[in-house]
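# Fold and geometry: a report
Here's the letter readout for the chains.
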Amino acid sequence: NDSIFVSAGDYVLYINDTINLCQDTLAFSVISLYDVGVEVLSHDVLCYGDSSGIIIIDSVFGGLPPYSINFYGANLDSLASGAYPIQILDSLSCIFRDTFIINEPQSIVVHPVIEHPLCFADSNGSIDLNISGGVLPYEVVWNNGLIDSILSNVYAGNYIFSISDSNDCNFSDTISLINPDSISM
């Protein structure tokens, strides 16, 4: 048999002449004119835990149309972080397979350093939020109107803060500064 069917790739052919007892080796590459491929645009998830990631198929090329595209049930307009496999099959049954990764930022986390007022009714309390996660820069707004991650020279009480990162992801919480007992005589 003098014909073989192989997929694209590099091959080595070993030839044995059993009459003249000669041997030869032939190396060659098979290039497919019909390899199926795809170009995609993808956008990662904006906020930790949401489903704002997207994959857009920009173009499918090679092979012979029409194409059958399978994203295995994924809604490409609202993806959570993860791996999304794709399979494209052309009319010649040539297959393209790949996996696209959608990432997400870490959740916004606050590790506050709290200094309660030293004496009853003093205004020397402070809160330093120490923020991590999300996407820098952060904007911090306190219920007293201050816009900073450090709140200083404050009385005992409840202080509510809201953090927004550059993707407009939000985190809010309340920190309480406690008054020490007053000195009684």
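The structure this text deals with has already been given above.
What counts as what
Residues numbered from 1 in each chain as written. Predicted model: local features only at pLDDT ≥ 70, side-chain atom pairs only at ≥ 80, totals over all residues. Heavy atoms only, no water. Helix = DSSP H or I, 4+ residues; strand = E, 2+ residues; numbered from the N terminus. Rg over C-alpha atoms; globule rule 2.2 N^0.38 Å. Buried < 20%, exposed > 50% of the residue type's maximum accessible area, 1.4 Å probe, protein only. Contact = heavy atoms within 4.5 Å. Areas by Shrake-Rupley, 256 points an atom, 1.4 Å probe, with all protein chains shown as cover. Pairing = 2+ DSSP bridges. Axes fitted to C-alpha atoms, helices over the stretch in contact; angles between N-to-C directions. Lys, Arg positive; Asp, Glu negative; His and termini not counted. Salt bridge = Lys/Arg side-chain N within 4 Å of Asp/Glu carboxyl O. Polar contact = N/O pair within 3.5 Å; in protein donor to acceptor, adjacent residues only side chain to side chain. Patch = residues over 30% accessible without salt bridge, like charges linked within 9 Å, V, L, I, M, F, W, Y side chains within 5 Å. Core = buried A, V, L, I, M, F, W, Y, C linked by side-chain atoms within 4.5 Å. Disulfide = S-S within 2.5 Å.

## Brief notes about the overall build of the chain
- Counting its regular elements, the chain contains zero helices and 15 strands.
- Over its C-alpha trace the chain gives a radius of gyration of 32 Å, far above what one expects of a compact globule, namely 16 Å for 185 residues.
- Judged by the C-alpha coordinates and their principal axes, the chain covers about 120 × 40 × 20 Å.
- Of all 185 residues assigned to the chain, the portion counted as buried reaches 21%.
- Expressed as a percentage of contacts within the chain between residues at least 6 apart in sequence, the contacts between residues at least 24 apart total 44%.
- Summed over its atoms, the accessible surface of the chain is roughly 12300 Å², and 54% of this surface lies on carbon and sulfur atoms.

## Some thoughts on the sheet that holds strand β7 (residues 95-102)
- If you walk across this open sheet you meet the three strands as β5-β6-β7, and the pairing is antiparallel. Unpaired on one side and paired on the other, β5 (68-70) and β7 mark the two borders of the sheet. Mean inter-strand twist for the sheet, computed between neighbouring axes without regard to direction, equals 20°.
- In the sheet, β5 pairs with strand β6 (residues 82-89) via three bridges, with the strands oriented antiparallel. Residue pairing in the sheet places N70 in a bridge with Q87 of β6.

## Let's talk about the side chain of D165
- On the secondary structure map, D165 appears in the loop between β14 (157-164) and β15 (170-177).
- Look at D165: it is buried, it has no salt bridge, and the nearest opposite charge is R97 at 36 Å.
- Here the side chain of D165 touches V135 through a polar contact of 2.9 Å, landing on its backbone nitrogen.
- Within the local environment of D165, its side chain forms a polar contact with the backbone nitrogen of N167, the two atoms lying 2.9 Å apart.
- Discounting residues that sit within four places of it in the chain, D165 has contacts with I108, G134, V135, P137 and Y138.

## Overview of the sheet that holds β15
- Spatial strand order, β12-β14-β15: three strands in an open sheet with antiparallel pairing. The open sheet has two edge strands with one neighbour each: β12 (139-142) and β15. Within the sheet, the average angular offset between the axes of one strand and its neighbour, ignoring direction, is 20°.

## Things to note about a nonpolar patch on the surface
- Together, L13, I15, L26 and F28 make up a nonpolar patch on the protein surface, roughly 310 Å² of accessible area in all.
- Elements with a minimum of two residues in the nonpolar patch: β1 (9-17) and β2 (22-30).
- As for its placement among the helices and strands, F28 is situated in strand β2.
- Relative accessible area serves as the criterion here: at 31%, F28 is assigned to the partly exposed category.

## Here we look at the nonpolar core
- In terms of nonpolar packing, the biggest core is built from 16 residues, with I127, L129, W142, F161 and I163 touching the most fellow members.
- Looking at this core, the elements that each hand over two or more residues are β12, β13 (150-154), β14 and β15.
- Broken down by element, the residue count for this core peaks at three residues, all from β14.
- Look past the residues within four positions of W142 in its chain and what remains in contact with it is I127, L129, D148, S149, L151, Y159, I160 and F161.
- Counting 13 residues, the second largest nonpolar core, distinct from the first, contains V45, L76, L79 and I86.

## Regarding the state of the cysteines
- If you walk through the whole model with that rule in mind, you get one disulfide.
- The disulfide bridge from C47 ends at C169, spanning 1.8 Å between sulfur atoms. What sets the handedness of the C47 and C169 disulfide is the S-S torsion sign, and at about -95° it is left-handed. Of this pair, C47 sits in the loop between β3 (37-43) and β4 (54-61) while C169 sits in the loop between β14 and β15, and the two are 122 residues apart along the sequence.
- The class of C47 is buried, set by a relative accessible area of 17%.

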